[in-house]
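Commentary on secondary and tertiary structure
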Amino acid sequence: MAGDHVGDHDGPIQPPASFVEGANVTEDLREQFEREGPDAWSRAADTLDWSEPYDEVLRERDGALRWFDGGRLNASYNCVDRHLADRKNHVAIRWEGTTGESRTYTYLDLYHEVNEAAAGLRSLGVEAGDVVTLYMPVMPELPVVMLACARLGALHNVVFAGFSADELAERLDGTGSEYLVTCDGYYRRGTAVNQKNKADNARMAADHDVETVVVTRLDDDLYLSDDHVDYGELLDDHAGATVDPVERAADDPLFVIYTSGTTGEPDQVVHTTGGYLSYVTWTGESVLDIKPSDTYWCAADVAWITGHSYMVYAPLALGTTTLLYEGAPDQSEKDRLWELVERHRVDVFYTASTVVRAFVKWGEEHPAAHDLSSLRLLGTVGEPIDPRTWTWYREHVGGGDAPVVDTWWQTETGGILVSTLPAVDPMKPGAAGPPLPGHEVSVVDYTGDPVETGEPGHLAVTEPWPGMPRGLAEAAVADDWTYVTSDRAVVDGDGYVTFLGREDDTVAVGDTAYGPATLESAVIEVGGVAEAAVVESETAGEKAVAYVCTERDRQGDDALRARIENHVADRLGPTARFEAVIFTPELPKTHSGKIMRRLLSAIADGEEYGDTSALRNPETVGEIETVSRDD
Ligand code: WTA
């Protein structure tokens, strides 16, 4: 039996008229897609410049679905060169570092450095189809080298800077990557990390030789072994060089990326040049409402798919200014992000929903201390956002009336797939929204049969879309193909999807199964609670354990514990009881901001939890263990 339910949203909420007036997309395109079928996806392809026009929007050829088949293009041309004619002096990248420094690249600056980097990589032997691994924090050279690879038709494989040498080695081997671009080091919460040292260890562990280029980020007294090419010198050697963008077929690969692996082993996903780039550019325009005149900020890590799609490719293809911030949201001051929004007059702000819950925890005085009136649209991604946090975000960051798009998608989907179109679809806090125009989704049971409206099940995507990765495009030729995601969801009578969490994170309490989001949303409704993660504890006999972070000025005490337990029982029925409610200052999160529920489960069961280098905040794990044990 499944205990998830929906239906008590506060909405629907309409966007303000001022937003609708200026929005990129103001008509419901669903009818057009119904009328034209996949041909309507030409809208997405039209956001790009093609050196060779495509023959057909979608066709099956040689055992795979092919989007925009026959078309040829280059992604770096689309993100850089095509803007030179009318916006060469427009700012492409504004970068803010962790230690107060900042850098600005116009589209012309970007053009020069991408070309020099491409010439440099080519001189080292990089060719179309090679895989170049990147291992750096959020610094301008990361998108520059990504675009340099794209210019050459080489695939990039970006690995989170915080990952261990072992994880890097696995990814070098897994992709057969013979080139690595890394940095000397960087500051992580004020401490210098010797990144090159980790990279050297990874190279020693790899099963093949890896040519390495090192960007100077710290220029500190870090010891660096000297078996590498210096990025600055490589660029100097190719000063003023230009490299013709290598024409790629629409479904030639653009990059490889690993899935987050919060629940299972990370998988490799390969995205295509034409389909992927069209899809992220179109969704950036229609969902995130990105305009060339904006300062647009996706506060995330470039290494995450969110960073690839919506920090680099979509904003640059659209010719806007993308703000890149190196630090964690709470790197120094708790109002650092709001200070940046105010200083840069940011128009659109997009981040992980778990980051928004951290904002709630730190307190509303931080956004209140800054003028955030430039913000026109807010977005969230990565995990469900509960109605209370959603409302807080709109209220305290969005000035009470900015639309908030809760965007559901995955590494595998390339770009946003379920979300409201901000000027078209009313918002229902807690529900991500309907599938975007052109998409069909269905909720199915474990045998693949659709369930009744309002019943929970697995979300399945039943129509192909241009951002589908290569593997899915091959699988999709089967007649009965659907892409069953590992997410549990409910669809309401209006077609709005509420996400309940990953299937592997389902919490069984007695004979009732809950998506973690259902239980966590109920916990977060209790005044004083900011964040919550509910996991299953096997040693407690399949019982639920709730890890709870309170708002900054609230105590996690027995009174609050009792209120949480009573509220959850009121909300979900008497079987929804927790074995324990454990107050903790933080939840373990991955570099992309996802809560590592698997690790919390292991802690609750007193088990080994292994390597924590996939975490953004590994230092909190010991503390969580201690509070868990004391409870
Ligand atoms: C989850 C992130 C609910 C979901 C772009 C998905 C979400 C996984 C949302 C993919 C959302 C992402 N509401 N859940 N708005 N966005 N998810 O590959 O479980 O890092 O399957 O891609 O994040 O995570 P990934």
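Below: a short report on this structure. Being a predicted model, the structure only gives us computed values, none of them experimental.

Another aspect to go through is the packing of helix H14 (residues 353-362) against helix H16 (residues 387-396). Relative to each other, H14 and H16 sit at 70 degrees, their axes nearing to 10 Å. Judged by the inter-axis angle, H14 sits roughly perpendicular to H16. Touching Val 356, Arg 357, Phe 359 and Val 360 of H14 are Thr 389, Trp 392 and Tyr 393, all from H16.

Moving on to the side chain of Asn 74. Looking at where Asn 74 falls in the secondary structure, it is placed in the loop between strand E3 (72-73) and helix H4 (75-79). Of the residues examined, Asn 74 reaches a relative accessible area of 4% and is grouped as buried. Separated by 3.0 Å, the side chain of Asn 74 and the backbone nitrogen of Tyr 77 make a polar contact. For Asn 74, the residues in contact, after removing those within four places along its chain, are Ala 150, Arg 151, Pro 245 and Val 246.

Once that is clear, we can look at the environment of Arg 43. Structurally, Arg 43 can be placed in helix H3 (residues 42-45). On a C-alpha basis, the gap between Arg 43 and Trp 282 in space is 7.6 Å, while along the polypeptide they are 239 residues apart. Setting aside residues no more than four positions away along its own chain, Arg 43 makes contact with Glu 27, Leu 29, Gln 32, Phe 33 and Trp 282.

Pairing is antiparallel across the open sheet formed by four strands, whose spatial order is E21-E22-E23-E24. In this open sheet, the two edge strands, each paired with only one partner strand, are strand E21 (441-444) and strand E24 (497-502). Taken over all neighbouring pairs, the strand axes of this sheet differ in orientation by 50 degrees on average, direction set aside. Both E21 and strand E22 (residues 457-461) contribute to a ladder of four bridges, which runs antiparallel. Bridge pairing in E22 places Ser 442 opposite Ala 460.

Right, let's talk about the packing of aromatic side chains for a bit. Counted by the stated rule, this structure contains 21 aromatic pairs. When the centroid spacing of 6.2 Å and the interplanar angle of 90 degrees are considered together, the rings of Trp 297 and Tyr 325 count as edge-to-face. Placement of the pair is Trp 297 in strand E16 (residues 295-299) and Tyr 325 in strand E17 (residues 321-325), with a sequence separation of 28 residues. Both residues of the pair, Trp 297 and Tyr 325, belong to the buried class. Members of the aromatic cluster, each reached through a chain of ring pairs, are Trp 297, Tyr 325, Trp 338, Phe 349, Phe 359 and Trp 362. Arg 171 extends its terminal NZ or CZ atom over the ring of Tyr 258, reaching a point 4.6 Å from the ring centre. The ring of Tyr 496 is capped by Lys 428, whose NZ or CZ atom sits 4.5 Å from the centre of that ring.

For any two helices packed against each other, the geometry is given by the interaxial angle and the distance between the axes. Running from N to C, helix H7 (residues 141-152) and helix H12 (residues 305-317) cross one another at 65 degrees; their axes reach a closest spacing of 11 Å. Classified by chirality, the crossing of H12 by H7 is right-handed. Every residue of H12 that contacts H7 at Pro 143, Met 146, Leu 147 and Ala 150 is listed here: His 308, Val 312, Tyr 313 and Leu 316. Of the residues in the contact of H7 with H12, the class split is seven nonpolar, one polar and no charged.

A full pass over the atoms with the stated rule returns 43 salt bridges. Where Glu 365 meets Arg 552, a salt bridge forms, and the shortest distance between an N and an O atom there is 2.5 Å. Of the two residues, Glu 365 is situated in helix H15 (residues 365-368) and Arg 552 in the loop between strand E28 (543-550) and helix H19 (558-572); the sequence distance between them amounts to 187 residues. Glu 365 sits in the partly exposed class, given a relative accessible area of 35%. Glu 520 is the salt-bridge partner of Arg 597, the closest N and O atoms lying 2.9 Å from each other. Of this pair, Arg 597 sits in helix H20 (residues 597-604) while Glu 520 is found in helix H18 (residues 516-524), placing the two residues 77 residues apart along the sequence. On the basis of relative accessible area, Arg 597 is assigned to the buried category, the value being 8%. Of the residues examined, Glu 520 reaches a relative accessible area of 5% and is grouped as buried. Overlapping salt bridges, with partners in common, bring together Asp 55, Glu 56, Arg 59, Arg 61, Asp 62 and Asp 69 in one network.

So, how was this worked out
Residues numbered from 1 in each chain as written. Predicted model: local features only at pLDDT ≥ 70, side-chain atom pairs only at ≥ 80, totals over all residues. Heavy atoms only, no water. Axes fitted to C-alpha atoms, helices over the stretch in contact; angles between N-to-C directions. Helix = DSSP H or I, 4+ residues; strand = E, 2+ residues; numbered from the N terminus. Parallel < 35°, antiparallel > 145°, perpendicular 65-115°, else oblique. Contact = heavy atoms within 4.5 Å. Buried < 20%, exposed > 50% of the residue type's maximum accessible area, 1.4 Å probe, protein only. Polar contact = N/O pair within 3.5 Å; in protein donor to acceptor, adjacent residues only side chain to side chain. Pairing = 2+ DSSP bridges. Phe/Tyr/Trp six-rings, centres within 6.5 Å; stacked < 30°, edge-to-face > 60°. Lys NZ or Arg CZ within 6 Å of the ring centre and 35° of its normal. Left-handed = near helix turned anticlockwise from the far one by under 90°. Nonpolar A, V, L, I, M, F, W, Y, C, P; charged D, E, K, R; others polar. Salt bridge = Lys/Arg side-chain N within 4 Å of Asp/Glu carboxyl O.

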